[in-house]
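Given next are the chains, with one letter for each unit.
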Amino acid sequence: MAEQQKRFQLLQGNEACVEGAIAAGMRFYAGYPITPSTEIAERSAVRLPQVGGKFMQMEDEISGIAAALGASVAGMKAMTATSGPGFSLKQENIGYATIAEIPIVVVDVMRAGPSTGLPTSPSQGDVMQAKWGTHGDHPVIAICPCSVQDTYNQTVRAFNLSERFRTPVILLMDEIVGHMREGCELIPTEELEIHDRNQHMINSMPYAFGEGQYVPHMTSFGDGNLYNITGLFHDEAGFPTNDNKIAAQEGSRLMEKIKVYKYSGILEYEEEEMDDAEIGIVCYGGTTRAVQGAVEQAREMGYKVGMFRPVTLWPFPEYELVERAKQLKRIIVVEHNYGQVLLTVQGIIKGDTKVEFIGKVDGTTITPREIIKKIEEEE
Amino acid sequence: MPSQLVENTMRTKRLPHIWCPGCGHGILMRDVCQAIENLGLPREEVSIVSGIGCSSRAAGYMNYNTLHTTHGRAIAFATGIKMAKPNMHVIVITGDGDATAIGGNHLIHAARRNIDLTVVVFNNSIYGMTGGQYSPTTPTGERGTTAPYGNIDGDFDIPRLSEAAGATFTARGDCWHVQQMIKLIEDGIKNPGFSVIEGVSICPTYYGRKNKKGGAVQMMQWQQDNCVDIKKAAKMTPEELEGKIITGVMSQCKRPEYTAEYDKIIHKAGGDK
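What you see is a predicted model; the values in this text were computed from it and never measured.

Student: Now, about the overall build of chain B: what can you tell me, with residues and values included?
Tutor: In terms of helices and strands, chain B carries 13 helices and 8 strands. Relative to the compact-globule value of 19 Å for 273 residues, chain B shows a C-alpha radius of gyration of 18 Å, a close match. Principal axes of the C-alpha set define a box for chain B whose edges measure 65 × 45 × 35 Å. Residues counted as buried form 54% of the 273 residues belonging to chain B. If you take every contact in chain B between residues at least 6 apart in sequence, the share linking residues at least 24 apart comes to 66%.

Right under this line is the structure:
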């Protein structure tokens, strides 16, 4: 018997991800077990059949994303989840989903790498892989939740963005958030804003779009429109083409669609204590709690410090951070890697604001104390 | 003027195809379409899923729901379609490299699950699209651009490999014996489980040239003379069968089908209420 889910539950981030996905309409999951994301597969295996959905444990990471894409093409909202090594293996098909414009949510619960690395330890080393991991130039949406509740909410948003913009969305979690346990409100579907792909295909052409539009509409396989999907550059009908003019148009439309809609729901960021701040701490995902603690303590110590957290990591809230930087003497980027978001921040922050960095990749978490020490030492 | 079959089942505006003159793949593509027509399947209920390589360009020419995927992954994509829409007839068109090298894992695991897919392998014994490298079905000793001194790898028997992994229908046909090939594809589609039909193709451009097999006509004549139906082969001596290709239904059995079994899981979990 399908159990009625309690509205408030003590959950791991990984479990909240599954509940958010199901609330958003996920009815197919395919993946391969990998630490520290495995609980996503396990809970999907329990929960999906309870709601008439399907879970498949595939033979490898690649078939996990491939089967999910197949299900999406046939009209089911689909997800796959993995961690570092598996994220590397899925990259080719993330690119396929990008050019073929197939909605899918790909979860990467980051762990320390490269290679097998520190499988059970926190890291945020896949930030640039989320952006550039698949070959060829391409746009990307990557979202970084920072708590269990945030994971629930952001998973719903990941599905919505994926469906609205016919694009893969990377839900970039990390070991800290994935295994964090706290109370979570399972907001039911009826109370959520849910988006489904637009199924009114223009002239039965899967890649045709109207004046001023960037996202073609899409019917599902089996719904009566016979069309072709390919990973090659293609024309409006989805048929492969070597026509350079069409290739250029398609390539730039793919890039543009994420830029154009950046302010129509894609971008999200959060600020705390930034109104009068002179020091801004940039963080995301699993480092957020430590930064929140540090900001609180440093404020008590008299430092004018605040937090700037990109929720949507890619595309990055560049304009917003640049605007904020006008009042800041210092920006401290805090992340569990050797400086990946740091590269972006250094690239956009010009002028007098000093960009500093706290990174950690030894398998332990950054503490509020370490952040306060940094705040103090430069003063 | 295209034939009625081509008119009914192919995207004629997209023809002629990109295959070399004399390639066997056009015949095999037509055989797949003819089999679907013979079974009277509504085109809306048929998905053709392909991978990468010469074989896999077939999907784009065929007027069904067609998905041209990444190299080796067609069976995995097809698995997702079948799970989402179990009533859909999902046919995978793949090649020897696509299905048994880069995609070999998916082939054996889909066979193990016995999910109701029909896989037609256009086997030309070579990587054609990249210019003639040896594949897992290039016979030992024969040549490709990456086996300039002869191939020392063993070669796969695709139906036997699939049968051992759990496929419930395996068969082999060729380009010359068209009626037989069509019938084998029909039987594969009708089998409620994982079916693998190898279609022995010809590649005069690379495999033929590299191995001095003559042109397309000679290669087709070779198939006519050397592809022996399994029933006829049963009456022949091992000496007579030396160097022959045995065709027909290679194996057939019954096992629970995956999507039907998954429906039982949904029932157990209460998701069908």
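There's more to say after this.
Student: Hey, could you go over the overall build of chain A for me, with residue numbers and the actual values?
Tutor: Scanning chain A from N- to C-terminus turns up 13 helices and 15 strands. Whereas a compact globule of 379 residues would reach a radius of gyration of roughly 21 Å, chain A reaches 21 Å, a difference of no more than 12%. Expressed along its principal axes, the backbone C-alpha trace of chain A runs to roughly 65 × 55 × 40 Å. Across the 379 residues in chain A, those meeting the buried criterion constitute 53%. In chain A, the share of contacts with a sequence separation of at least 24, taken over all contacts with a separation of at least 6, comes to 76%.

Student: Account for the domain arrangement of chain A, naming residues and giving values.
Tutor: Residues and elements named next belong to chain A. Split into domains, chain A comes out as domain 1 (8–191), domain 2 (202–265) and domain 3 (270–377). On a C-alpha basis, the centroid separation for the pair domain 1 and domain 3 is 26 Å. With 24 residues of domain 1 at the contact, the number on the domain 3 side is 18 residues. Mapped onto the side of domain 1 that touches domain 3, the elements with two or more residues apiece are α5 (127–132), β6 (141–143), β7 (168–174) and α7 (175–179). Element by element, the count of residues in the side of domain 1 that touches domain 3 is highest for α5, at 4 residues. Grouping the constituent residues of the side of domain 1 that touches domain 3 by class yields 17 nonpolar, 5 polar and 2 charged.

Student: Account for the sheet that holds strand β12 (residues 305–310) of chain A, naming residues and giving values.
Tutor: All names here are of chain A. Across the sheet, which stays open at both edges, the 5 strands sit in the order β10-β12-β11-β14-β15 with mixed pairing between neighbours. Sheet topology places β10 (269–272) and β15 (354–359) at the edges, where each strand pairs with a single neighbour. Strand-to-strand twist across the sheet, computed as the mean angle between neighbouring axes with direction ignored, equals 20 degrees. For strand β11 (residues 279–282) and β12, the ladder comprises 4 bridges, and the chain directions are parallel. Bridge pairing in β12 links Val282 to Phe308. This element, helix α10 (residues 288–300), spans β10, β11, β12 and β14 (330–335) of the sheet and lies at about 160 degrees to β12.

Student: Residues and numbers for the packing of α10 of chain A against helix α13 (residues 368–377) of chain A, please.
Tutor: Residue and element names in this part refer to chain A. Where α10 contacts α13, the two axes come as close as 8 Å, and the packing angle between them is 50 degrees. By the angle between their axes, α10 is oblique relative to α13. In the crossing of α10 with α13, the sense of the turn from one axis to the other is right-handed. Judged by residue contacts, Ala290, Val291, Gly293, Ala294, Gln297 and Ala298 of α10 engage Pro368, Ile371, Ile372 and Ile375 from α13. Grouping the constituent residues of the contact of α10 with α13 by class yields 8 nonpolar, 2 polar and no charged.

Student: How would you sum up helix α2 (residues 25–39) of chain B? Please name residues and give values.
Tutor: Residue and element names in this part refer to chain B. With 15 residues, α2 should reach 21 Å at 1.5 Å per residue; the first-to-last C-alpha distance of 21 Å fits that figure. Within α2, the full set of buried residues consists of His25, Leu28, Met29, Arg30, Asp31, Val32, Cys33, Ala35 and Ile36. Where α2 terminates, the next one or two residues include Gly40, which has phi positive at roughly 65 degrees.

Student: Quick rundown of the pairing of strand β5 (residues 169–174) of chain B? Include the residues and the values.
Tutor: Residue and element names in this part refer to chain B. Of all the 6 residues making up β5, 6 are buried; the element is thus mostly covered by neighbouring parts of the structure. Side chains of β5 alternate between two faces, with Phe169, Ala171 and Gly173 and Thr170, Arg172 and Asp174 buried alike. Taken together, the 6 bridges between β5 and strand β6 (residues 195–200) define a ladder with parallel strand orientation. Note that in β6 the partner of Arg172 across the bridge is Glu198. In this region the chain leaves β5, passes through helix α8 (residues 178–190) and returns to the parallel neighbour β6; the handedness of that crossover is right-handed. Two elements, β5 and strand β8 (residues 245–252), share 4 bridges in a ladder whose sense is antiparallel. Looking across to β8, one finds that Arg172 is bridged to Gly248.

Student: Residues and numbers for the packing of helix α3 (residues 61–73) of chain A against helix α4 (residues 74–84) of chain B, please.
Tutor: At a minimum axis distance of 6 Å, the contact between α3 of chain A and α4 of chain B shows a crossing angle of 45 degrees. Considering the angle they form, α3 of chain A stands oblique to α4 of chain B. As α3 of chain A runs across α4 of chain B, the sense of the crossing is right-handed. From α3 of chain A, Ser63, Ala66, Ala67, Ala68, Leu69, Gly70, Ala71 and Val73 of chain A reach across to α4 of chain B, where they touch Ala76, Phe77, Ala78, Thr79, Gly80, Ile81, Met83 and Ala84 of chain B. Of the residues contributing to the contact of α3 of chain A with α4 of chain B, the split by class is 12 nonpolar, 4 polar and no charged.

Student: An account of the confidence of the model for chain B is requested, with residue identities and associated values reported.
Tutor: On average, chain B scores 97 in pLDDT, and the residues at 70 or more come to 100%. The complex prediction reports pTM at 0.98, with the ipTM value standing at 0.97.

Student: With reference to specific residues and values, describe α4 of chain B.
Tutor: Counting buried positions along α4 of chain B yields 11 of 11 residues, so the element is predominantly enclosed. What α4 of chain B keeps buried is the set Ala74, Ile75, Ala76, Phe77, Ala78, Thr79, Gly80, Ile81, Lys82, Met83 and Ala84 of chain B.

Student: Tell me about the interface of chain A and chain B, and please be specific about residues and values.
Tutor: Listed as interface residues are 38 residues of chain A and, on the opposing side, 37 residues of chain B. Among the elements of the structure, β2 (26–31), α2 (38–50), β3 (54–57), α3, α4 (84–100) and β9 (228–230) of chain A are those that each provide at least two residues to the side of chain A that touches chain B. Here the side of chain A that touches chain B takes 9 residues from α3 of chain A, the largest share from any one element. Among the residues forming the side of chain A that touches chain B, the class breakdown is 23 nonpolar, 11 polar and 4 charged.

Procedures and definitions
- Once a new chain begins, its residue numbering starts again from 1 and follows that chain's sequence as written.
- Chain letters and ligand numbers both follow the written order, the letters beginning at A and the numbers at 1.
- Confidence filtering applies because this is a predicted model: local features only for residues at pLDDT of at least 70, side-chain atom pairs given and counted only at 80 or more, and all residues used for totals across whole chains, interfaces and linings.
- Only runs of H or I of at least four residues qualify as helices and only runs of E of at least two qualify as strands under DSSP, and these elements are numbered from the N terminus.
- As defined in this context, the radius of gyration uses C-alpha atoms, and a globule is described by 2.2 Å times the residue total to the power 0.38.
- Each residue is classed by its C-beta neighbour count within 10 Å, where at least 20 other C-beta atoms makes it buried, 12 or fewer makes it exposed, and intermediate counts make it partly exposed; the C-beta atoms are placed from backbone geometry.
- The contact criterion used here is simple: two residues whose C-beta atoms, placed from the backbone, lie within 7 Å are in contact.
- As used throughout, domain bounds are those supplied by an automatic or database domain assignment.
- Each residue is assigned to one of three groups, with Ala, Val, Leu, Ile, Met, Phe, Trp, Tyr, Cys and Pro labelled nonpolar, Asp, Glu, Lys and Arg labelled charged, and all others, Gly among them, labelled polar.
- For two strands to pair, DSSP has to find at least two bridges joining them.
- Lines fitted to C-alpha atoms define the axes, with helix axes restricted to the stretch in contact, and inter-axis angles between N-to-C directions lie between 0 and 180 degrees.
- Each angle receives one of four descriptions, namely roughly parallel if under 35 degrees, roughly antiparallel if over 145, roughly perpendicular if within 65 to 115, and oblique otherwise.
- For a crossing to be left-handed, the near helix must be turned anticlockwise from the far one by less than a right angle; the clockwise case is right-handed.
- A helix is expected to span 1.5 Å for every residue after the first.
- By definition, the crossover connecting two strands over a helix is right-handed if that path, from the first strand to the second, turns clockwise as seen with the strands pointing away from the viewer.
- pLDDT measures the predictor's confidence residue by residue and takes values from 0 up to 100.

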